[in-house]
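Results of the structural survey
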Amino acid sequence: MATRSDTIIAEFDDVLFEAPNWGPDGDMLYLNGKGGLWAFPLDSPSEPRRIEYEGISAALNNDHVLDPRGKAIFLSAMDGHIYHGALDGGSTRRITDEDKVWHFLHGVSPDGNTLGFIRISAMGGPGKLAFIASEGGRITPMETGEGHADGIEWTPDGEWIYFNTERWASQPGHAQLARVPSKEPVVDKIERLISTDTVDWFPHFAPDGRYAVYLQYPAGTEGHPENLDVELVVVDTADWSAPVARRPLFGGQGTINVNSWSPDSQRFAFVTYPLETGE
């Protein structure tokens, strides 16, 4: 953030890595690839190590978030469920019980007690925001209005929940950024952050709360696909209408699905996919 510049730390042409998390000690990144989670030491990022987990038979996807209570992580898998495991692997605990429903994790409350995820029926339809205790139990849905909602994330102070929603859509897929008080997450308390013609997804806060970054798709995009010209937009959270930095790139899905800020709030990690579409 100090120089508004970026640095390529590793390149791969054999594995599709996605969605960085920055480890709690600041010296490791965690990305998914080939259905697993991988650890990337920042002193040798071209030599990632696959983390082995027990108790998850399905492939992991790119919705994984660190547990703020310690060196553990919450993981979404392609069986539709959310799991909890240590960052160094081993046994896991399944959190969700509903079958025939997708649970795509995006947020964890700062105290680690509540998970925010996207709930999608196996029959399809728009995603809806929902909450569950990190120990498991009853699911509480949140009404956001018409259309798909996604990218749920708490602010570092726990006061607000941010997300993207199509409730104001002028055409299919027109996602916009919004927030709602965490103590009263009801539809009539939802606030629109800014009004844009672009399709805006995945707001992510730096740990100190000063900056945030989100993914901006071209107008007319539906969903959050891969292989498009997109931009990462960095804002001072005091004024979302005036970006402090923009980073155009070829990417989209997998670039920055989950929070990837460093613990010191000075950097964030992201993935670009500079291959031509179809390769």
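Scroll up for the structure.
Residues numbered from 1 in each chain as written. Predicted model: local features only at pLDDT ≥ 70, side-chain atom pairs only at ≥ 80, totals over all residues. Heavy atoms only, no water.

**Observations regarding unusual backbone geometry**
We apply this condition: Comment: elements are numbered from the N terminus, with helices defined as DSSP H or I runs of at least four residues and strands as E runs of at least two.
Although it is not a glycine, Arg4 sits at a positive phi angle of roughly 55°. Position of Arg4 relative to the elements: it lies in the segment before strand S1 (18-22). One non-glycine residue with positive phi stands out, namely Lys34, at about 55°. Residue position: Lys34 is located in the loop between strand S2 (28-33) and strand S3 (36-41).

**With respect to the packing of aromatic side chains**
For the record, the criterion: Stacked, edge-to-face and tilted labels apply to pairs of Phe, Tyr and Trp rings (six-membered ring for Trp) whose centres lie within 6.5 Å, assigned for plane angles under 30 degrees, over 60, and everything in between, in that order. Per-residue accessibility, obtained with a 1.4 Å probe over protein chains only, is compared with the maximum for each type, and a residue is labelled buried under 20%, exposed over 50%, and partly exposed between these values.
Applying the stated rule across the entire model yields 13 aromatic pairs. On the basis of an interplanar angle of 85° and a centroid distance of 4.9 Å, the ring pair of Phe17 and Phe40 is categorised as edge-to-face. Placement of the pair is Phe17 in the segment before S1 and Phe40 in strand S3, with a sequence separation of 23 residues. According to the relative accessible area criterion, Phe17 is buried, its value standing at 7%. With 6.2 Å between their ring centres and 25° between their planes, Tyr214 and Trp240 make a pair best called stacked. Of the two residues, Tyr214 sits in strand S19 (residues 211-217) while Trp240 sits in the loop between strand S20 (228-236) and strand S21 (245-251), which places them 26 residues apart along the sequence.

**Observations concerning the environment of Asp236**
Among the structural elements, Asp236 can be located in strand S20. Judged by relative accessible area, which is 24%, Asp236 ranks as partly exposed.

**Some thoughts on the pairing of strand S15 (residues 160-165)**
Using the following cut-off: If DSSP finds at least two bridges between two strands, the strands pair.
The buried fraction of S15 is high, at 5 of 6 residues. In this sheet, S15 lies alongside strand S14 (residues 149-154) in antiparallel orientation, the contact comprising 4 bridges. Bridge pairing links Asp150 to Asn164 in S15. Connecting S14 to the next strand, S15, in antiparallel fashion are 5 residues, including Gly158 with a positive phi near 80°. Two strands pair when backbone bridges link them, and S15 and strand S16 (residues 176-181) are joined in this way by 6 bridges, in the antiparallel orientation. Across the sheet, the residue bridging to Trp160 is Pro181, located in S16.

**Quick look at the nonpolar core**
Put simply, the rule reads: As used in this record, nonpolar core signifies buried Ala, Val, Leu, Ile, Met, Phe, Trp, Tyr and Cys residues forming a set joined through side-chain atoms within 4.5 Å. Note on definitions: a residue-residue contact is assigned when non-hydrogen atoms from the two residues lie within 4.5 Å.
Core analysis: the largest hydrophobic core is formed by 18 residues, its most contacted members being Val213, Leu215, Leu232, Val234, Trp261 and Phe268. When contributions to this core are tallied by element, the ones reaching two or more residues are strand S18 (199-205), S19, S20 and S21. Take this core: its biggest share by element is 4 residues, from S19. Setting aside residues no more than four positions away along its own chain, Phe268 makes contact with Met1, Trp22, Val213, Leu232, Val234, Ile256, Ser260 and Trp261. With 15 residues, the next largest nonpolar core counts Tyr53, Ile73, Ala77 and Tyr83 among its residues.

**Focus on the pairing of S2**
Most of S2 sits out of view: 6 of its 6 residues are buried. A two-sided burial pattern is seen for S2, the buried positions comprising Met28, Tyr30 and Asn32 on one face and Leu29, Leu31 and Gly33 on the other. Note: S1 against S2, 3 bridges, orientation antiparallel. From the neighbouring strand, Glu18 faces S2, where its bridge partner is Asn32. Linkage of S1 to S2, two consecutive antiparallel strands, is achieved through a turn of 5 residues, within which Gly26 is found at a positive phi near 80°. Here 6 bridges tie S2 to S3, and the two strands are oriented antiparallel to one another. By the bridge assignment for S3, Gly33 is matched with Gly36.

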